[in-house]
Structure formats: C-alpha cells, structure tokens
Amino acid sequence: MIDPRVEAYADSLTTPPADDVVRLDRAARQELPYAAMLSGPVVGRLLETLVWLERPRLVLELGTYAGTSALAMAGALPEGGRIITCELSDEHADFAQRAFDASPLGRRIELRRGPALESIAAIDEPIDFCFIDADKPSYTDYYEAVLPKLSEHGLIAADNTLRDGSVLDPDDEGGRTMDAFNRHVAADPRTVQVLLTVRDGVTLIRRA
C-alpha cells in the first residue's frame, strides 16, 4: 500500500523502540514464522503513545504473537496500570511469556491462553484501551464483546484494517472479511471511528 521508501523514512524518523522491544523483535524474526505479524516500530510507538495519552488502568490486547506490542504498551502504563494479552497458540504464548519474564515490565502483563472471546467474557472491570490484532474473521465478534465493557473514555485500536489494500476490491476472503468489519463499525451509531493509513491500516474507535 505504501512505498517502501516512505515506510523506511517513517521508521527512521520515529523514536526507536526500547531496547527490550528491539531484542524481542529481533528474536521473533529469527524464531517465529510470521514476521509480518509483528507490529513494527511505527505501530508499536503509536500504541505506546495512545497508552501514554489514555493513562489506562486496564489494557486488553487480543492477539499476543511475540509480545512486542504488549511490551511496548507496558512501557507507557501509569502506576497501577496493567495489560491482559490473549493468545490462542501455545507456541506463541510460550515465546511471549519468556520475554515478559525477562523484562522488568513483564510484571505489568498478564498473558491469558485460549479463545479470546472467553477471556473477554471473564473480564469484569472497565477496559480503557483495547488493541485488536487476532484472527481477522473474529474482529466483529471481538468488537461487539469489548464495546459493552469499554470505559466512558475508552479506546479500541484495530490493526490490519486495510488488509494490504484488498478491502478496496475485496475479491478474496481476507479482504471481504475486513471490509465487512470496517463497514460494521462505520455504520454503528454507538461509536466514532477513524481509519488511519498507517502501515496496514489502524482504526481507532471510541464511544459516540
């Protein structure tokens, strides 16, 4: 979607991630199979900045993968803030948990394994910030499950909402699925949203 030179320029002029995030990103690229699933420095710094602005008591992340985004967000939490990150794959969860255990910020992160909808249902306190980056066909279900628990000034960030541009002419299942999610949110009178053309698309959603 974006000229690789522009991506590189943005990366070079974005404040670099913290050292432990850099080390984790490097290890994930070597040891895990899907480098494209890593948030990258721009999205990671965007998430960290949103957490810094929101000052959330509770952050919910759907889709841990390597743990880089959770670790980036943990660095901006206020005193007493915490992250619940949800992961279905034991392989990914094991990798991320080792990284959390090795980081001084890991005490702020709780990794929950299993289906994300079950983890959401078990949360009985307001969610101040939610990052959705798990299986794409479930995005609408995640949105509907999180919204009733979103705090008054809470924020949802959904990743990959441009789906490599396939939403423009959705002739594959991935493009159709993401286009349906985008249109579902846009038609919802309960929320206000902005789709940012950052990397593969990040949609920010708040209560109306």
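Preceding block: the structure.
Cut-offs and rules
- The numbers attached to residues start from 1 for each chain and follow its sequence in the written order.
- Predicted model: local features are reported for residues with pLDDT of at least 70 only, side-chain atom pairs are reported and counted for 80 or more only, and whole-chain, interface and lining totals are derived from all residues.
- Side-chain calculation: all heavy atoms of the structure are included, whereas hydrogens and water are not.
- Note on conventions: DSSP H or I runs of at least 4 residues are helices, E runs of at least 2 residues are strands, and numbering of each starts at the N terminus.
- Both definitions apply: the radius of gyration is a C-alpha atom measure, and the globule rule equals 2.2 Å times residues to the power 0.38.
- Accessible area is worked out with a 1.4 Å probe on protein chains only. A residue is then buried under 20% of its type maximum, exposed over 50%, and partly exposed in between.
- Only four residue types enter the charge count, namely Lys and Arg as positive and Asp and Glu as negative; His and the chain termini do not.
- Lysine's charge is taken at NZ, arginine's at CZ, aspartate's at CG and glutamate's at CD.
- Distance and chemistry together define a polar contact, namely a pair of N or O atoms within 3.5 Å, with one atom able to donate a hydrogen and the other to accept it when in protein, and with adjacent residues in sequence counting only for side-chain atoms on both sides.
- Pairing of aromatic side chains here covers Phe, Tyr and the six-membered ring of Trp, requires ring centres within 6.5 Å, and sorts the geometry by plane angle: under 30 degrees stacked, over 60 edge-to-face, intermediate tilted.
- We call a set of buried Ala, Val, Leu, Ile, Met, Phe, Trp, Tyr and Cys residues a nonpolar core when their side-chain atoms join them within 4.5 Å.
- Note on contacts: a residue pair qualifies if any of its non-hydrogen atoms lie within 4.5 Å across the two residues.
- We treat two strands as partners when DSSP finds at least two bridges between them.
- The axes used here are C-alpha line fits, helices contributing only the stretch in contact, and every angle between their N-to-C directions lies in the interval 0 to 180 degrees.

Further remarks concern the overall build of the chain. What the chain contains, in helices and strands, is 8 helices and 7 strands. For the chain, the C-alpha radius of gyration of 16 Å lies close to 17 Å, the compact-globule estimate for 208 residues. C-alpha extents for the chain along the principal axes are approximately 45 × 45 × 30 Å. Each of the 208 residues in the chain was classed as buried or not, and the buried ones make up 50%. Placing the 22 positive and 35 negative side-chain charges of the chain at their respective mean positions leaves the two points 5 Å apart.

Another aspect to go through is the environment of aspartate 188. Here aspartate 188 shows up in the loop between helix H8 (173-186) and strand S6 (191-196). As a C-alpha pair, aspartate 188 and alanine 208 span 20 residues in sequence and 9.4 Å in three-dimensional space. At a separation of 2.7 Å, a polar atom in the side chain of aspartate 188 contacts the side chain of tyrosine 143.

Time to look at the packing of aromatic side chains. For the structure on display, the rule yields 2 aromatic pairs. When the ring of tyrosine 139 is compared with that of phenylalanine 181, the centres are 5.3 Å apart and the planes differ by 85 degrees; the resulting orientation is edge-to-face. Linking tyrosine 139 in helix H7 (residues 139-146) with phenylalanine 181 in helix H8, this pair joins segments that are 42 residues apart in sequence. For the pair tyrosine 139 and phenylalanine 181, one class covers both residues: buried. Considering the side-chain rings of tyrosine 143 and phenylalanine 181, the 6.2 Å spacing of their centres and the 85 degrees angle between planes classify their relative orientation as edge-to-face. With a gap of 38 residues between them, tyrosine 143 in helix H7 and phenylalanine 181 in helix H8 connect regions that are remote in the sequence. Note on accessibility: tyrosine 143 and phenylalanine 181 belong to one class, buried. Clustering of aromatic rings is evident, with ring pairs tying together Tyr139, Tyr143 and Phe181.

The phi torsion at arginine 55 lies on the positive side, around 50 degrees, for a residue other than glycine. Its location among the elements puts arginine 55 in the loop between helix H3 (40-54) and strand S1 (58-62). Taking relative accessible area as the criterion, arginine 55 reaches 54% and is therefore assigned exposed.

Core analysis: the largest hydrophobic core is formed by 35 residues, its most contacted members being Met73 and Phe129. Among the elements of the structure, helix H2 (19-31), H3, helix H4 (68-74), helix H5 (90-102), strand S3 (109-113), strand S4 (127-132), strand S5 (150-159) and strand S7 (202-207) are those that each provide at least two residues to this core. If we skip the residues at most four places from it in the chain, methionine 73 touches Leu47, Glu48, Val51, Val59, Glu61, Ile83, Phe129 and Phe131. Core analysis: the next-biggest nonpolar cluster, separate from the first, contains 26 residues, Leu62, Ile132, Tyr139 and Tyr143 among them.

Here we come to the sheet that holds S6. Spatially, 7 strands are ordered S3-S2-S1-S4-S5-S7-S6 in an open sheet, and the strand pairing comes out mixed. Both outer strands of the open sheet, S3 and S6, are each paired with one neighbouring strand and no more. Within this sheet the neighbouring strands show an average axis-to-axis angle of 15 degrees, counted without direction. When S1 meets strand S2 (residues 82-87), the two strands line up parallel, connected through 5 bridges. From the neighbouring strand, valine 59 faces S2, where its bridge partner is isoleucine 83. This element, H8, spans S5, S6 and S7 of the sheet and lies at about 140 degrees to S6.

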